[in-house]
Amino acid sequence: MTETLTGAQITVRLLERQGIRTVAGIPGGAILPIYDALGQSTAIHHVLARHEQGAGFMAQGMARATGLPAVCLASSGPGATNLLTAIADAKLDSIPLVAITGQVPKAMIGTDAFQEVDTYGLSIPITKHNFLVSSADELLEVIPRAFQIAASGRPGPVLIDIPKDVQTQAIEISQWPEPGRALPAPAADSALIEQAAAMINAAERPILYLGGGVIHSGASAAAIELAEKASLPTVMTLMALGAMPVDHPLALGMLGMHAARFTNLALDECDLLIAVGARFDDRATGKVAAFCPQAKIIHIDIDPAELDKIKTAHIGITADIGEALGQLLPAVLQNSRKIWVDRSNALKAEFPFDLHSTDNPRSHFGLIQSVAACLDDNAIIATDVGQHQMWVAQAYPLRRPRQWLTSGGLGTMGFGVPAAIGAALAERGRTVVCFTGDGSIMMNIQELVTAAEENVNIKIVLMDNATLGLVHQQQTLFYGERLFASQFRSSPDFIKIAQGFGIAAVDLDTSANPCATLMEAISRPGPCLIHASIAAEQKVYPMVPPGAANRDMIGA
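Notes on the structure follow.

## Focus: the packing of helix α3 (residues 52-66) against helix α4 (residues 78-93)
Interhelical geometry of α3 versus α4 gives an angle of 30 degrees and a closest axis separation of 7 Å. The orientation of α3 relative to α4 falls into the category roughly parallel. With respect to the hand of their crossing, α3 and α4 are arranged in right-handed fashion. The segment α3 lies against α4, with Glu 52, Gln 53, Gly 56, Phe 57, Gln 60 and Arg 64 engaging Gly 79, Asn 82, Leu 83, Thr 85, Ala 86, Asp 89, Ala 90 and Asp 93. Of the residues in the contact of α3 with α4, the class split is 4 nonpolar, 6 polar and 4 charged.

The structure is reproduced here in structure tokens:
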């Protein structure tokens with residue numbers, strides 16, 4: 001049956017066929033035809049963000065929670081430029097995102113028309129791919145292709161820029177394309193798999209190093225099976241937390257800049273590093289030349305560009321992590337490695353991580369653990385960026401993949417609240433907790449009204465120290481305590497702000513029983529802000545100073 005549809009109607013229909021049921025965005029003149037068509041859709045729920053960056057992070061929250069591509073919408077000019085930070089964040093953390101922006105009509109492109117910028121050119125460095133659509137017919141190819149690219153191989157963001165006259169152009173359609181799906185990943189080289197297995201079997205002090213790629217590929221169970229079969233003490237990057245339960249006997253926790261001291265010391269002693277879906281980020285490695293100095297390296301990653309980029313691998317394997325581990329497991333021998341496991345446990349005992357003051361819910365670690373005590377492992381934990389992010393990474397008992405949503409590569413303040421909203425929209429049956437700081441929450445605080453409007457089940461734990469905490473910490477430690485532009489001279493009343501935006505709020509500072517207040521706030525359906533003051537003098541320790549080797553940590 002032939003239909004005559006506009007480019008805008010085609011766009012919405014193709015999104016429906018992709019299985020998209022929620023999109024976040026803000027309308028503007030250049031994308032109004034798409035919004036007009038979206039208003040006629042009975043399948044897609046539109047979430048009206050209050051800032052395009054918020055819409056981008058909501059889409060990220062959906063994608064991070066589910067592993068599936070999510071969609072955000074923005075108009076041309078400032079709408080598109082406001083979206084760029086969220087797109088760049090998705091690129092660095094390998095998050096599948098499809099961003100659709102309106103553009104001025106084709107004849108006006110390049111004329112400095114009202115609300116015109118070169119969205120295509122601006123987005124080239126921060127997208128996996130992008131499209132400037134020149135006709136309604138192209139949409140039938142471009143939109144499924146965008147979803148395919150976003151989901152295939154190493155996931156990432158794709159931008160589709162659609163001129164307004166393309167949105168209004170009407171064409172006849174007699175056949176719809178198949179929805180875009182991830183392409184099969186290349187098979188691992190069996191000879192390299194055999195060599196890797198032989199190296200693992202021969203190693204005396206191997207360590208398994210898990211990165212975010214393990215989460216993206218759904219390979220956490222296979223990674224744990226490998227660790228258990230070969231008795232591999234296991235470290236995780238910030239992005240991989242939850243891939244192995246934090247209390248697993250082989251878990252050494254997060255490595256790198258704010259890891260436990262025993263974690264980095266074990267890496268210093270290992271003779272084989274098995275890097276799986278990790279990219280040797282500087283926050284994980286510290287001074288690269290001093291990272292794992294005694295170790296040979298096996299590196300498995302779906303992106304060939306990551307192999308040998310930072311550290312030269314003795315064996316580099318390009319493959320989907322799950323597929324590669326599936327081939328590797330039968331070739332790896334059962335091995336108790338008692339001496340090495342005992343040694344890693346001895347390091348844990350000799351250099352324990354000091355989770356101090358956990359019995360005090362008004363301390364930073366005590367607050368985090370008190371929140372965890374109110375929840376089970378079904379909860380989703382999101383953070384903003386700063387000291388609170390590192391404290392939560394150190395102290396929250398993460399036990400499953402996709403439980404942990406944080407901005408790793410770009411480290412974007414303002415990520416937390418809108419990402420938590422997106423996660424709650426995608427996973428209606430879960431409680432979502434967002435840990436944030438007073439600096440970060442102010443970056444996208446306007447999205448509290450979106451949380452109220454959507455009545456999402458998010459709990460925002462605001463750790464308020466009236467400073468830009470990590471800046472304050474570095475100025476204190478490395479800049480002669482010359483504190484400049486890191487202390488807020490005035491602080492808003494966050495309780496009143498939350499209530500003004502229409503969400504419930506509680507203040508642990510004034511609570512006679514903060515644990516009971518926490519439990520009540522977390523168990524109550526709907527959005528709630530939980531405010532707690534934290535001393536500005538509290539620091540994230542241990543810490544690897546900038547440019548230092550991981551072994552040269554300072555602090556606890």
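## A look at empty space enclosed by the protein
Taken as a whole and assessed by the stated rule, the structure comprises 4 cavities of 30 Å³ or more. Taken as a whole, the largest cavity holds about 140 Å³ of empty space. Together, 13 residues line the largest cavity, and Arg 64, Ile 215, Met 239, Arg 402 and Trp 404 are the ones closest to its centre. Listed by contribution, the elements that provide at least two residues to the lining of the largest cavity are α9 (212-216) and β16 (404-405). For the lining of the largest cavity, the element with the highest residue contribution is α9, accounting for 3 residues. The class makeup of the residues in the lining of the largest cavity is 7 nonpolar, 3 polar and 3 charged. The volume enclosed by the second largest cavity comes to roughly 40 Å³. Lining the second largest cavity we find Asn 264, Leu 267, Asp 268, Ala 290, Phe 291, Cys 292, Asn 550 and Arg 551. By residue class, the composition of the lining of the second largest cavity is 4 nonpolar, 2 polar and 2 charged.

## Notes on the sheet that holds strand β12 (residues 272-276)
Taken together, 6 strands build an open sheet; the order of strands is β11-β10-β9-β12-β13-β14 and the sheet is parallel. Edge positions in the sheet fall to β11 (251-254) and β14 (315-318), since each has one partner strand and no second. Between one strand axis and the next, the sheet turns by 15 degrees as a mean value, whatever way the strands run. Pairing of strand β13 (residues 296-301) with β14 involves 4 bridges; the strand directions are parallel. Considered in β14, the bridge of Asp 301 is made with Thr 318. Strand contacts of helix α11 (residues 261-269): β9 (206-210), β10 (234-236), β11 and β12, with the helix running at about 110 degrees to β11, the strand carrying the most contacts. The strands that helix α13 (residues 321-331) touches are β12 and β13; relative to β13, the one it contacts most, it runs at about 130 degrees.

Rules used in this analysis
Residues numbered from 1 in each chain as written. Predicted model: local features only at pLDDT ≥ 70, side-chain atom pairs only at ≥ 80, totals over all residues. Heavy atoms only, no water. Axes fitted to C-alpha atoms, helices over the stretch in contact; angles between N-to-C directions. Helix = DSSP H or I, 4+ residues; strand = E, 2+ residues; numbered from the N terminus. Parallel < 35°, antiparallel > 145°, perpendicular 65-115°, else oblique. Left-handed = near helix turned anticlockwise from the far one by under 90°. Contact = heavy atoms within 4.5 Å. Nonpolar A, V, L, I, M, F, W, Y, C, P; charged D, E, K, R; others polar. 1 Å grid on protein atoms, 1.4 Å probe; cavity = no way out; pocket = protein on both sides within 12 Å on 5 of 7 lines; lining within 4 Å. Points joined across faces, edges and corners; volume = space filled by probe spheres on them. Pairing = 2+ DSSP bridges.

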